[in-house]
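Notes for the structure review
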Amino acid sequence: MGPIESLSMTRKTGDNAEHCTIMQLPCNWQVREAAILAPHAMHAIDSAGRAHNESPHPFRSAYQRDRDRIVHSAAFRRLAHKTQVFTDYPGDYHRSRLTHTLEVTSIARTLARSLALNEDLAEALALGHDIGHPPLGHAGEDTLDELLREAGGFNHNRQALRIMTLLEQRYPGFPGLNLSQEVLDAQSVRAKLPTAPPPLLETQVVDAADSIAYDTHDADDAIELGFVQLNELLELPLVAKAAEHVDSQHGKLDPLLLRRAVLHELIELQVAGLVTETSSRLRTMSDTSVDSIKKASAEGNRLVMHNQKIQQGKQELEEFLFQRVYRSDQVMKIRQQSQEKMRDLFVWYCEAPHALPSGYFQRSETVGVLRSVADYIAGMTDRFFNRDAAYRLEK
Ligand code: MG
């Protein structure tokens with residue numbers, strides 16, 4: 001039985017509905033998924049659905065729809081003006097949360113497609129993975145966490161869930177984005193919620209893509225901003241391995257081209273290594289159904305893994321970046337200034353909650369002023385935060 005015939009044997013409801021209303025044929029996405037996804041992939045037809053029932057879309061699978069809802073959200077657009085690591089640094093070269101997210105998505109799609117996983121789901125997860133970040137990078141997140149210590153704390157992964165299920169107000173029938181359960185589950189895994197189910201392979205792929213992206217682009221941004229020199233990075237075995245490959249392919253290059261080629265190769269090396277290692281782990285499993293993947297994950301056996309050598313190389317690179325960049329005097333000084341400003345603005349709104357936009361002020365009656373102020377500030381971009389702080393605090 002071919003994919004089209006087998007699909008016509010079942011009929012489900014909601015986004016899983018069997019037939020396109022226009023063509024009276026199985027939806028293109030169903031045929032495509034049945035033909036190209038592996039048994040260990042999460043098929044959209046098997047989705048647990050959405051919290052609020054909706055009619056099926058004639059062309060898009062549940063996960064394509066999730067992806068589009070995230071892209072059209074205000075939280076996603078604001079990523080353009082939230083910084084990743086280098087808050088308050090001049091220039092437009094270094095990554096914003098948006099460009100980081102797009103790099104993660106690009107890598108996650110390559111990984112998902114190479115492993116015959118659901119690329120639409122991986123894309124939706126990657127596009128949404130950082131939408132909960134507040135302004136001012138991790139300094140902003142740590143400050144909000146400290147300010148909310150008595151009210152449950154603050155974490156960007158949990159905040160992404162609040163945005164997805166409550167804070168985005170775009171649709172008349174429900175609060176939030178009403179995303180598929182698998183997207184919310186993946187975000188619960190990232191937030192380390194005790195209720196989170198074992199991660200699907202698509203969830204694991206996005207975690208790996210996030211790490212590949214930030215290890216590489218933070219190194220690139222750090223060189224551009226003068227924190228480190230390429231020669232220092234070349235002393236790290238993983239970077240040296242990438243440089244060796246560039247040398248064998250292109251010979252001697254000028255310093256700028258060499259740096260870019262080495263960083264591209266660093267991504268390539270990690271992606272190729274991850275696909276090879278994960279594929280070989282999948283081959284050792286006698287049953288590669290989604291249920292058995294979940295069972296392995298529940299027992300602590302993640303299947304999307306780097307080999308030991310690459311993993312060790314990544315740890316060395318991360319340790320180097322931690323010491324030389326994330327905890328450098330320059331970054332720590334800006335971090336301290338950012339934290340002070342964040343505290344001051346937070347206290348200002350707590351003392352004057354009527355100055356919050358009406359939706360946040362109304363919600364403060366049910367979730368408390370602390371949480372509502374945190375929701376409002378967390379939604380700000382860096383530039384809006386700085387403008388608002390200047391206006392509120394300098395009056
Ligand atoms: Mg990220």
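Everything numeric in this text was worked out from a predicted model, so none of it was measured.

Now for the nonpolar core. Counting residues in hydrophobic clusters, the biggest one holds 55 residues, and the most contacted among them are Leu111 and Ile131. Residues within four places of Leu111 in sequence aside, it is in contact with Val205, Ala209, Val271, Leu274 and Val275.

On to unusual backbone geometry. Of note in the backbone geometry, Asn178 takes a positive phi value of approximately 50° without being a glycine. Mapped onto the fold, Asn178 is located in the loop between α8 (156-167) and α9 (181-190). Despite not being glycine, Lys192 has its phi angle at roughly 55°, a positive value. Overall, Lys192 belongs to the exposed group, its relative accessible area being 72%.

On to helix α3 (residues 62-71). A large share of α3 lies buried, amounting to nine of its ten residues. Those residues of α3 not exposed but buried are Ala62, Tyr63, Gln64, Arg65, Asp66, Arg67, Asp68, Arg69 and Ile70. Buried residues along α3 sit in contact with α2 (28-36), α4 (74-78), α6 (119-128) and α9.

By the definition in use, this model includes 27 salt bridges. A salt bridge links Asp68 to Arg60, with the shortest nitrogen-to-oxygen separation between them at 2.7 Å. A salt bridge links Glu123 to Arg67; its shortest N-O distance comes to 3.3 Å. Residue Glu123 is found in helix α6, and its partner Arg67 is found in helix α3; the two are separated by 56 residues along the sequence.

The rules we used
- Residues numbered from 1 in each chain as written.
- Predicted model: local features only at pLDDT ≥ 70, side-chain atom pairs only at ≥ 80, totals over all residues.
- Heavy atoms only, no water.
- Core = buried A, V, L, I, M, F, W, Y, C linked by side-chain atoms within 4.5 Å.
- Buried < 20%, exposed > 50% of the residue type's maximum accessible area, 1.4 Å probe, protein only.
- Contact = heavy atoms within 4.5 Å.
- Helix = DSSP H or I, 4+ residues; strand = E, 2+ residues; numbered from the N terminus.
- Salt bridge = Lys/Arg side-chain N within 4 Å of Asp/Glu carboxyl O.

Any link to function would need more than the numbers given here.
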